[in-house]
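# Coordinates in review
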4 protein chains.
Amino acid sequence: MIDFECDYNCGAHPLIIENLVRTNETKSRTYGFDEWSYSAKEKIKQAANNNDLEIFFLNGGTQTNATVIDSFLKGYEGVVTNDCGHINVHEAGAIEAFGHKVIALSSHNGKLNKKTLENFLDEFHNDESKDHVAQPGMVYITFPTEFGTIYSKQEIENIYSICRQNDLPLYIDGARLGYGLMSDECDFDLSWLTYHCDCFYIGGTKCGALCGEAVVFTHNNAPKGFFSNIKRHGALNAKSRLIGVQFDTLFTDNLYFDISKNAIDMAKRLKDILQQAGFKFYIFSPTNQQFVIIPNEKVKELESQVVFTHWFPFDADNFVCRFVTSWATTKEEMDELEKILL
Amino acid sequence: MIDFECDYNCGAHPLIIENLVRTNETKSRTYGFDEWSYSAKEKIKQAANNNDLEIFFLNGGTQTNATVIDSFLKGYEGVVTNDCGHINVHEAGAIEAFGHKVIALSSHNGKLNKKTLENFLDEFHNDESKDHVAQPGMVYITFPTEFGTIYSKQEIENIYSICRQNDLPLYIDGARLGYGLMSDECDFDLSWLTYHCDCFYIGGTKCGALCGEAVVFTHNNAPKGFFSNIKRHGALNAKSRLIGVQFDTLFTDNLYFDISKNAIDMAKRLKDILQQAGFKFYIFSPTNQQFVIIPNEKVKELESQVVFTHWFPFDADNFVCRFVTSWATTKEEMDELEKILL
Amino acid sequence: MIDFECDYNCGAHPLIIENLVRTNETKSRTYGFDEWSYSAKEKIKQAANNNDLEIFFLNGGTQTNATVIDSFLKGYEGVVTNDCGHINVHEAGAIEAFGHKVIALSSHNGKLNKKTLENFLDEFHNDESKDHVAQPGMVYITFPTEFGTIYSKQEIENIYSICRQNDLPLYIDGARLGYGLMSDECDFDLSWLTYHCDCFYIGGTKCGALCGEAVVFTHNNAPKGFFSNIKRHGALNAKSRLIGVQFDTLFTDNLYFDISKNAIDMAKRLKDILQQAGFKFYIFSPTNQQFVIIPNEKVKELESQVVFTHWFPFDADNFVCRFVTSWATTKEEMDELEKILL
Amino acid sequence: MIDFECDYNCGAHPLIIENLVRTNETKSRTYGFDEWSYSAKEKIKQAANNNDLEIFFLNGGTQTNATVIDSFLKGYEGVVTNDCGHINVHEAGAIEAFGHKVIALSSHNGKLNKKTLENFLDEFHNDESKDHVAQPGMVYITFPTEFGTIYSKQEIENIYSICRQNDLPLYIDGARLGYGLMSDECDFDLSWLTYHCDCFYIGGTKCGALCGEAVVFTHNNAPKGFFSNIKRHGALNAKSRLIGVQFDTLFTDNLYFDISKNAIDMAKRLKDILQQAGFKFYIFSPTNQQFVIIPNEKVKELESQVVFTHWFPFDADNFVCRFVTSWATTKEEMDELEKILL
């Protein structure tokens with residue numbers, strides 16, 4: 001059965017596996033001090049053309065968000081995001097577990113928008129009782145968003161400018177960063193990004209690795225004690241080589257970007273097929289996640305041949321379903337979907 | 001200058017002061033084991049006509065909410081409330097400080113409504129990824145609400161019934177309980193309340209005391225270790241007599257209810273005066289907080305003669321202002337307001 | 001029955017009660033902005049002869065410790081203390097509740113000693129794996145200690161000097177500060193103290209007030225957001241006048257020091273009586289807590305006439321018992337004890 | 001240079017790598033629902049000859065400890081351990097981060113001993129002020145301990161019996177479980193262990209895997225919401241296949257035990273060589289970690305040829321050094337050490 005459920009349902013890119021095999025017998029330092037982690041960090045700096053990056057490798061997205069956010073914030077501060085931000089909806093209270101409120105503003109096309117952020121901060125600063133509420137301590141956005149949409153250069157500049165005016169670090173969750181950067185709609189690159197936020201992470205788990213996310217502090221601004229806080233969050237890998245080797249591979253010969261591009265190409269074909277099959281889209285997504293409105297009975301029928309996710313009911317008769325392509329999606333899978341649907 | 005800023009801007013009811021003076025030289029046990037705390041608990045049971053109550057005295061509202069909620073919940077559980085619930089907006093992240101997410105649903109007339117709660121729980125239970133989100137572990141409502149509105153018997157029954165079906169304790173924040181129960185619109189009494197929720201608190205700070213809230217578990221259901229958790233929250237009073245004496249006084253000869261009634265009577269006169277002065281109300285409040293829409297220039301003018309709170313801008317030309325009466329508000333103060341406004 | 005159980009088993013000093021009565025009908029601002037809180041802060045500055053103090057009033061000791069410590073520390077930092085420090089043994093995990101480890105070093109005569117602290121920090125800095133352990137973020141000591149002992153000028157200077165070399169704030173728990181400062185053995189005064197630590201609190205609950213502790217940051221160094229963090233800890237008093245009036249009274253005409261002196265005078269007589277009765281002391285305490293070794297059968301006998309605390313078994317035949325005098329202990333009570341024991 | 005620094009300084013066992021390669025292209029379910037995780041769980045049940053096991057795979061030791069402990073405890077409860085327990089010394093406050101105190105008792109031969117635990121619980125239950133301190137909520141021990149020592153059948157029975165009498169879950173940290181079970185001194189097996197504690201984990205990271213620990217609840221007693229709490233701790237692996245495949249391999253054909261045995265065999269030879277070289281041991285360790293007392297100048301000399309860890313100074317002239325063998329240690333490495341030392 002062909003499977004569009006998510007972008008983390010197969011193993012790793014073959015080159016990663018190859019390198020894990022090749023390096024397996026070499027002894028190494030641990031806890032981030034292995035040779036491949038060092039090499040991977042250098043390659044990421046080169047890919048970003050920015051030498052001021054401080055880079056740490058963690059295991060998964062939720063732990064990365066919790067560790068970074070907790071490290072930027074003081075205890076009494078909260079993190080500002082839009083209400084469909086991953087930390088607000090899908091992380092089981094991992095941010096609150098470390099004592100911080102998630103301050104959720106309304107979303108526009110899946111994104112936090114300049115006006116909404118500005119209004120919130122204005123109201124906050126004009127509120128007589130502002131010392132009685134959770135203090136905004138940083139801003140978190142996702143790129144791409146939960147709905148596959150992406151911010152433009154201008155939109156990120158707007159948000160970052162507000163952040164700097166308010167002395168709030170801007171942190172970007174890049175669980176699917178590759179798919180965002182390789183989208184036809186994206187008007188900036190990795191290097192530009194490193195100059196327009198304070199921290200972001202380069203998602204590995206969803207973009208070709210078995211596990212691993214690369215946290216990037218953009219101007220040597222890792223919070224004091226960040227390493228200890230990684231440990232305290234249970235996020236410090238003893239055999240750091242596992243993630244080191246993977247990112248070293250992903251950032252060799254442009255692999256991360258090339259395989260991300262495959263997901264975008266496949267997503268374009270996916271959209272074509274779904275459109276030709278007569279379905280409407282819930283939202284315009286220029287990345288690898290597609291949200292399609294499908295009549296309930298058709299959902300039932302399709303399920304027997306294709307794996308996808310039931311997102312939420314659109315109305316009494318239709319469901320919003322999610323189809324996801326990835327670095328691993330093949331033309332053969334698209335051909336098969338075409339056969340089924342057209 | 002007459003002052004309608006809040007219901008905690010003067011000292012305590014004279015009878016409370018009298019009893020603090022009278023008992024001052026007696027030595028007593030501490031940490032809740034003093035004679036007045038015991039006596040106060042008995043009197044509350046009598047007032048509620050319910051012997052299954054377990055009662056604890058804490059100092060203020062935020063600490064009471066944080067302690068009770070943290071005691072009911074497991075670490076990974078969150079508390080469900082409506083978005084204008086006090087714990088969501090005005091407690092500086094005190095719930096999150098103990099690791100719990102505040103799950104904020106939309107408000108209707110300041111209240112959490114049956115349909116909203118039901119829909120949320122249905123969606124939660126039908127969500128394929130429900131194990132990945134903060135688990136609803138209890139329900140919190142305020143009586144009266146932040147906007148002075150109150151739940152009817154039927155409304156509380158509806159919510160409590162959903163809670164029991166879902167095995168979620170219902171906890172009611174009664175910071176202004178007296179003003180709610182004495183409202184003309186209220187169709188139940190203290191005794192009824194003790195049979196229609198799992199826990200609530202009887203607000204003292206805003207209803208005649210210098211400090212103090214009485215937490216009431218309604219059916220001998222104080223969570224295991226509640227006493228230790230009070231201590232852990234920094235909420236255990238060494239000289240518990242201070243709050244014991246106050247509640248012992250408030251629940252002697254119906255004092256708590258009588259003085260609460262005064263605030264309601266004064267609020268009715270307040271509404272009359274404000275209406276006659278030509279102002280519209282932002283919301284219909286049958287309790288001691290009134291939210292009035294006042295033209296900006298009039299706000300400026302009034303400020304020099306009356307203390308009240310600027311709640312939020314209604315539109316470009318008008319402001320929603322809050323006027324509050326209390327157990328201590330006098331007819332003379334109302335006469336003065338009348339003179340100013342009419 | 002005469003009662004030496006603790007120093008918080010009666011009401012407040014009569015002058016405090018008098019002022020609560022006198023001010024009761026005046027309306028005031030709230031949350032720390034009342035006139036008496038302002039006045040009390042000025043008087044404390046005068047008493048300390050130091051204008052750089054930032055002062056906040058909280059309710060009780062555990063909440064004060066938890067709020068101050070959490071405000072000084074980053075999430076991953078712990079607080080260093082000696083193993084009989086109050087935060088380590090008697091606060092039900094209130095420090096850990098906010099995510100911080102209590103790093104407990106060994107005690108000497110109830111105190112943290114220079115050598116122990118120095119050794120700990122040396123070992124920490126020389127430990128290859130120091131980034132894997134909780135990071136020391138501040139130092140906490142009590143004055144007087146849990147055993148009634150007090151630090152000398154030299155001892156505090158030594159500790160503070162190590163703290164400054166290591167960039168660790170020094171915070172002193174002064175739950176019984178008055179009794180320490182008025183001890184015959186104390187070689188410094190309040191003013192000196194404000195120049196030899198970063199923060200301390202002046203205990204009210206155990207020194208004449210109904211409740212209340214005055215947190216003093218000694219050089220305008222209150223951590224950013226301290227007010228919000230007080231709120232988040234559930235420690236912000238709505239009717240702040242309650243504590244404001246009390247500290248205003250305590251710091252008028254030297255009252256705090258005079259009444260603390262009474263406890264010391266009575267403790268000296270207590271020691272005389274206990275010694276004459278043939279008991280040995282567990283530790284030499286120059287303050288108001290006395291720890292006496294009493295044969296088990298004598299403990300039983302005494303219990304029927306005197307209230308005191310069973311601290312811990314000394315050996316199979318004897319118990320260490322605590323007797324406490326206070327600002328309120330009278331000569332008549334001492335006479336009665338003498339009659340019983342001699 | 002030969003390397004005895006730790007047991008996680010090389011890649012994975014070749015069979016694990018082989019299976020990662022073999023399964024790489026298969027699509028799978030995620031978050032623990034992949035086929036290999038299911039298969040691995042079945043094989044662990046078979047190896048333990050116990051069908052009542054509930055098994056979860058997490059990534060590393062600190063996160064496993066924090067997640068399990070936080071799931072067993074109520075907020076106000078602490079975990080009892082001995083003072084050299086890993087959670088007390090080497091996890092950067094990860095337990096406290098979730099609000100729980102680590103209650104550290106004294107160690108005997110690296111272990112928690114029956115008498116110490118009993119005394120602590122007796123004193124606790126007899127303490128008048130026991131409600132004012134962190135409540136013991138579970139017991140944590142390590143097998144093998146931080147010093148390589150192991151508990152006997154009788155010792156575990158003794159502790160477990162006290163735990164059950166006191167209604168405290170017993171949790172065993174098995175980061176190096178394989179090395180403990182395969183020690184010549186060990187008088188029980190995996191199956192026996194599953195009947196003599198409430199939870200333990202089978203360490204993968206240090207016993208042949210790239211990452212991964214298998215948490216085993218021994219009698220279908222996983223705390224309610226454990227899955228959600230894994231997520232909340234940032235410990236839920238999206239590509240759970242990574243750990244599933246590894247444990248599936250380790251528990252096929254007795255691999256986990258066979259490779260653990262190699263570490264023990266090599267450790268015996270290590271001890272021989274070190275003894276012949278004239279060194280004394282700091283402690284008798286029957287497992288793969290050896291703690292040797294080496295003169296300071298010899299330490300310097302050895303460092304240029306062998307990697308090992310400087311544990312702590314023994315006295316002015318000698319250092320305690322740690323040498324560790326593992327599943328991957330070869331005879332050739334031992335030959336080389338022999339050449340260097342003898």
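Residues numbered from 1 in each chain as written. Chains lettered and ligands numbered in written order. Predicted model: local features only at pLDDT ≥ 70, side-chain atom pairs only at ≥ 80, totals over all residues.

### Some remarks on the packing of helix α5 (residues 114-126) of chain C against helix α6 (residues 153-165) of chain C
Residues and elements named next belong to chain C. α6 packs onto α5 with a crossing angle of 15° between their chain directions and a minimal axis gap of 9 Å. On the basis of the axis angle, α5 is roughly parallel to α6. Crossing geometry of α5 relative to α6 is assigned as left-handed. Along its contact with α5, which presents K114, L117, E118 and L121, the element α6 presents N158, I159 and I162. Per-class residue counts for the contact of α5 with α6 are 4 nonpolar, 1 polar and 2 charged. (Axes fitted to C-alpha atoms, helices over the stretch in contact; angles between N-to-C directions. Helix = DSSP H or I, 4+ residues; strand = E, 2+ residues; numbered from the N terminus. Parallel < 35°, antiparallel > 145°, perpendicular 65-115°, else oblique. Left-handed = near helix turned anticlockwise from the far one by under 90°. Contact = placed C-beta atoms within 7 Å. Nonpolar A, V, L, I, M, F, W, Y, C, P; charged D, E, K, R; others polar.)

### Some points on the environment of C197 of chain A
Residues and elements named next belong to chain A. Inspection of the secondary structure puts C197 in the loop between α8 (190-194) and β7 (199-203). The class for C197 is buried, based on 22 C-beta atoms found within 10 Å. A sequence separation of 132 residues divides C197 from N65, and the C-alpha atoms of the two residues are 15 Å apart. Filtering out sequence-adjacent residues up to four positions away, C197 remains in contact with Y160, L170, Y171, I172 and T218. (Buried ≥ 20, exposed ≤ 12 C-beta atoms within 10 Å, placed from the backbone.)

### Looking at the relation of the copies chain D and chain A
Superposing chain D onto chain A takes a rotation of 180° combined with a translation of 0.0 Å along the rotation axis, leaving an RMSD of 0.0 Å. This pairing of chains is accounted for by a two-fold axis. Within chain D, the C-alpha atom positioned nearest to the axis of rotation is that of F98 of chain D, 3.5 Å from it. Comparing contact sets, 100% of the residues at the interface of chain D also lie at the interface in chain A, consistent with an isologous, same-surface contact. (Least-squares fit on C-alpha atoms with pLDDT ≥ 70 in both.)

### So, the interface of chain D and chain A
The parts lose accessible area when they come together, and the size of an interface is often stated as this lost area. The interface is formed by 42 residues belonging to chain D together with 43 residues belonging to chain A. With 4 residues, helix α1 (residues 14-23) of chain D is the single largest residue contributor to the side of chain D that touches chain A. Among the residues making up the side of chain D that touches chain A, the classes are represented as 18 nonpolar, 16 polar and 8 charged.

### Section: the interface of chain D and chain C
Every contact between the two is made by 17 residues of chain D and, on the other side, 17 residues of chain C. The residue makeup of the side of chain D that touches chain C, split by class, is 6 nonpolar, 8 polar and 3 charged.

### Regarding the domain arrangement of chain A
Residues and elements named next belong to chain A. When cut into domains, chain A gives domain 1 (2-7 + 257-341) and domain 2 (14-255). For domain 1 and domain 2, the distance between their C-alpha centroids amounts to 27 Å. Between domain 1 and domain 2, the residue contacts involve 17 residues of the former and 21 residues of the latter. Those elements giving two or more residues to the side of domain 1 that touches domain 2 turn out to be α11 (255-276) and β10 (289-295). Classifying every residue of the side of domain 1 that touches domain 2 gives 8 nonpolar, 6 polar and 3 charged. (Domains from an automatic or database assignment.)

### Some remarks on the relation of the copies chain D and chain C
Of the two same-sequence chains, chain D is brought onto chain C (RMSD 0.0 Å, axial shift 0.0 Å) by a rotation of 180°. Interface residue correspondence from chain D to chain C reaches 100%, placing this contact among same-surface, isologous pairings.

### Topic: the pairing of strand β6 (residues 170-173) of chain A
All names here are of chain A. Of the two faces of β6, both are covered, the one formed by L170 and I172 as well as the one formed by Y171 and D173. Two elements, strand β5 (residues 135-142) and β6, share 4 bridges in a ladder whose sense is parallel. In the sheet register, Y140 faces β6, and the bridge partner there is Y171. Where β6 and β7 come together, 2 bridges link them in parallel fashion. Across the sheet, the residue bridging to Y171 is C199, located in β7. (Pairing = 2+ DSSP bridges.)

### Some points on the sheet that holds strand β9 (residues 280-281) of chain A
Residues and elements named next belong to chain A. Strand order across the open sheet formed by 4 strands is β9-β10-β13-β12, with antiparallel pairing between neighbours. Lying at the two open borders of the sheet, with one neighbouring strand each, are β9 and β12 (309-313). Sheet analysis places β9 next to β10, joined by 2 bridges and oriented antiparallel. Its bridge partner being in β10, F281 is matched across the sheet by V292. Packed onto the sheet, α11 meets β10 and β13 (318-324) and runs at close to 15° relative to β10. Of the strands in this sheet, β10 and β13 are in contact with helix α12 (residues 296-303), which crosses β10 at around 115°.

### A few points about the nonpolar core
Y171 of chain A, Y171 and V216 of chain B, Y171 and V216 of chain C together with Y171 of chain D are the most contacted members of the largest nonpolar core, which totals 423 residues. Not counting residues within four places of it along the chain, the set of residues in contact with Y171 of chain C comprises V68, I69, F72, M138, Y140, C197, D198, C199 and F200 of chain C. (Core = buried A, V, L, I, M, F, W, Y, C linked by C-beta atoms within 7 Å.)

### Some points on unusual backbone geometry
Where the residue is not glycine, phi is negative for most of them; where a peptide bond is considered, it is trans in most cases. Cis geometry is adopted by the peptide bond preceding P144 of chain A, which originates at F143 of chain A and carries an omega value of -10°. Turning to its location among the elements, P144 of chain A is positioned in the loop between β5 and α6 (153-165). Positive phi is not limited to glycine here, since A92 of chain B has a value of about 55°. Classification of A92 of chain B as buried rests on a count of 29 C-beta atoms within 10 Å. Of note in the backbone geometry, Y31 of chain D takes a positive phi value of approximately 55° without being a glycine. As for its placement among the helices and strands, Y31 of chain D is situated in the loop between α1 and α2 (35-48). Among the residues examined, Y31 of chain D registers 19 C-beta atoms within 10 Å and is labelled partly exposed.

### Quick look at α11 of chain A
All names here are of chain A. Spanning 22 residues, α11 covers 32 Å between terminal C-alpha atoms, matching the ideal 32 Å at 1.5 Å per step. Among all positions of α11, only Y256, I259, S260, N262, A263, I264, M266, A267, L270 and L274 are buried. Lining the buried residues of α11 we find α7 (177-181), α10 (241-250), β10, β13 and α13 (331-341). Looking one or two places after α11, you find G278, whose phi comes out positive at around 95°. (Expected span 1.5 Å × (residues − 1).)

### What to know about the sheet that holds strand β6 (residues 170-173) of chain B
All names here are of chain B. One open sheet holds the 7 strands; their spatial order is β2-β8-β7-β6-β5-β3-β4, and the pairing between them is mixed. Where the open sheet ends on each side, the last strands, each with one partner, are β2 (54-58) and β4 (102-105). Taken over all neighbouring pairs, the strand axes of this sheet differ in orientation by 25° on average, direction set aside.

### Re the environment of A222 of chain C
Secondary-structure assignment places A222 of chain C in the loop between β8 (213-217) and α9 (226-232). Here the alpha-carbon distance between A222 of chain C and T252 of chain C, two residues 30 residues apart in the chain, equals 25 Å.

### Quick look at the environment of N262 of chain B
Residues and elements named next belong to chain B. For N262, the position within the fold is in helix α11 (residues 255-276). On the neighbour-count criterion, N262 (21 C-beta atoms within 10 Å) is buried. For the pair N262 and S326, spaced 64 residues apart in sequence, the C-alpha to C-alpha distance is 7.1 Å.

### Regarding the pairing of strand β3 (residues 77-82) of chain D
All names here are of chain D. In terms of burial, β3 is a largely internal element, 6 of the 6 residues being buried. Burial along β3 is two-sided: the face carrying E77, V79 and T81 and the face carrying G78, V80 and N82 are both buried. Looking at chain direction, β3 and strand β4 (residues 102-105) are connected through 4 bridges and run parallel. Counted as the bridge partner of V80 is I103 from β4.

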